[in-house]
Amino acid sequence: MATPRIEITLGDITTEDVDAVVNAANSSLLGGGGVDGAIHAAAGPDLLAECRRVRASDYPDGLPTGRAVITGAGRMPARHVVHTVGPNRHVGQTDPALLESCFRESLRVADEAGCRSVAFPAISAGVYGWNVHEVARIAVRTVQTASCENVDLVRFVLFDKRSEDAFQLALG
Ligand code: AR6
């Protein structure tokens, strides 16, 4: 068991050649805008079909905030997508423990699936309205205190310079 090393990069997470890409999904698991829309567009219809099956069989009421579930990655270079639901500030979900849970659970699920490399976006820093500096602090701290059997690389893939700077600052 070891703590994964952290990399920070600017880019489009859908092009990452890692074992698992984390999706900032919503509880429906059926796609949406932002990074979720980009991942479904890049992965193609097989991902949506698998999400529908997972939703129907395991989460008929939707995936709860802070939880994570793994699927294939369709046409993306990655092998898996880990879908997690971040807290939505606009509906009063302001507890940092919920966001910490997204990063911890996603890492745990990827680790259990044997993944060695995992790419994360800035979960909840877009439509769900969290300050990217707070997201970055929670994300970095959660990975730095994690202990994994298989995951040895976590790459935060940020979509804009401001987010990249926030993560660099949090990493110190
Ligand atoms: N690669 C990396 N990061 C990206 C990409 C990309 N291709 N596209 C956007 N981002 P958001 P949330 C960044 O809104 O706040 C969806 O509709 C984006 O700039 O995607 O967790 C879901 O279905 C921002 O920094 O996720 C949910 O309904 C970060 O990813 C809801 O939005 C997260 O922004 C989830 O909202």
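Everything quoted here is computed from the prediction, not taken from an experiment.

1. What to know about the UniProt feature "domain: Macro" (unreviewed entry) in the chain
When the UniProt feature table is mapped onto this chain, "domain: Macro" (unreviewed entry) is found at residues 1-172. Secondary structure over residues 1-172 splits into 38% helix and 19% strand, and the C-alpha atoms at its two ends are 24 Å apart.

2. What about the confidence of the model for the chain?
Counting all residues, the mean pLDDT for the chain is 98, and 100% of those residues have values of 70 or more. For this predicted complex, the interface score ipTM comes out at 0.99, while the overall pTM is 0.99.

3. Considerations on the site of the ligand
Close to the ligand lie 21 residues; Asn26, Gly33, Val35, Asp36 and Val127 are nearest. In this structure, asparagine 26 approaches the ligand through a side-chain N or O atom, which is 2.7 Å from an oxygen atom. Burial of the ligand by the protein chains amounts to 90% of its free accessible area of 710 Å². When atoms are counted within 2 Å of each cavity's grid points, the one that captures over half of the ligand is the largest pocket. When residues of the shell around the ligand are traced back to their parent elements, those giving at least two are β2 (20-25) and α1 (34-43). Looking at the shell around the ligand, the element that brings in the most residues is α1, giving four residues. Among the residues forming the shell around the ligand, the class breakdown is 12 nonpolar, seven polar and two charged.

4. Some remarks on the environment of valine 151
Checked against the element boundaries, valine 151 lands in the loop between α4 (132-144) and β6 (153-158). Remark: the alpha-carbon pair of valine 151 and glycine 11, spanning 140 residues in sequence, is separated by 21 Å. When neighbours within four sequence positions are excluded, valine 151 is seen to be in contact with Pro4, Leu107, Ala110, Asp111, Cys115, Arg116 and Val118.

5. Some details on the side chain of threonine 142
Locating threonine 142 in the fold gives a position in helix α4. Using a relative accessible area of 3% as the deciding quantity, one classes threonine 142 as buried. Polar side-chain contacts of threonine 142 include one of 2.6 Å to the backbone oxygen of isoleucine 138. Setting aside residues up to four positions removed in sequence, threonine 142 forms contacts with Glu100, Phe103 and Arg104.

6. Examining the packing of α1 against helix α2 (residues 45-58)
Following both chains from N to C, one finds α1 and α2 inclined at 115°, their axes separated by 6 Å at the closest point. Contact with α1, carried on its side by Ile39, His40 and Ala43, involves Pro45, Leu47, Leu48 and Cys51 of α2 and no other residues of that element. The class makeup of the residues in the contact of α1 with α2 is six nonpolar, one polar and no charged.

7. Some details on the pattern of salt bridges
Tallied over the entire structure, the rule returns 11 salt bridges. A salt bridge links arginine 5 to glutamate 7; the nearest nitrogen and oxygen atoms lie 3.8 Å apart. Under the relative-accessibility criterion, arginine 5 is labelled partly exposed at 47%. The closest approach of N and O atoms between glutamate 100 and arginine 104, which form a salt bridge, is 3.3 Å. Note that glutamate 100 and arginine 104 are positioned in helix α3 (residues 96-112) at a spacing of four residues, about one turn of the helix. Glutamate 100 sits in the partly exposed class, given a relative accessible area of 26%. Because the salt bridges share partners, they merge into one network encompassing Arg5, Glu7, Glu16 and Arg155.

Reading the values: the criteria
Residues numbered from 1 in each chain as written. Predicted model: local features only at pLDDT ≥ 70, side-chain atom pairs only at ≥ 80, totals over all residues. Heavy atoms only, no water. UniProt positions renumbered as here; feature names shortened; annotations may be inferred. Helix = DSSP H or I, 4+ residues; strand = E, 2+ residues; numbered from the N terminus. pLDDT = per-residue confidence, 0-100. Near = heavy atom within 4 Å. Polar contact = N/O pair within 3.5 Å; in protein donor to acceptor, adjacent residues only side chain to side chain. Areas by Shrake-Rupley, 256 points an atom, 1.4 Å probe, with all protein chains shown as cover. 1 Å grid on protein atoms, 1.4 Å probe; cavity = no way out; pocket = protein on both sides within 12 Å on 5 of 7 lines; lining within 4 Å. Sits in = over half its atoms within 2 Å of the grid points. Nonpolar A, V, L, I, M, F, W, Y, C, P; charged D, E, K, R; others polar. Contact = heavy atoms within 4.5 Å. Buried < 20%, exposed > 50% of the residue type's maximum accessible area, 1.4 Å probe, protein only. Axes fitted to C-alpha atoms, helices over the stretch in contact; angles between N-to-C directions. Salt bridge = Lys/Arg side-chain N within 4 Å of Asp/Glu carboxyl O.

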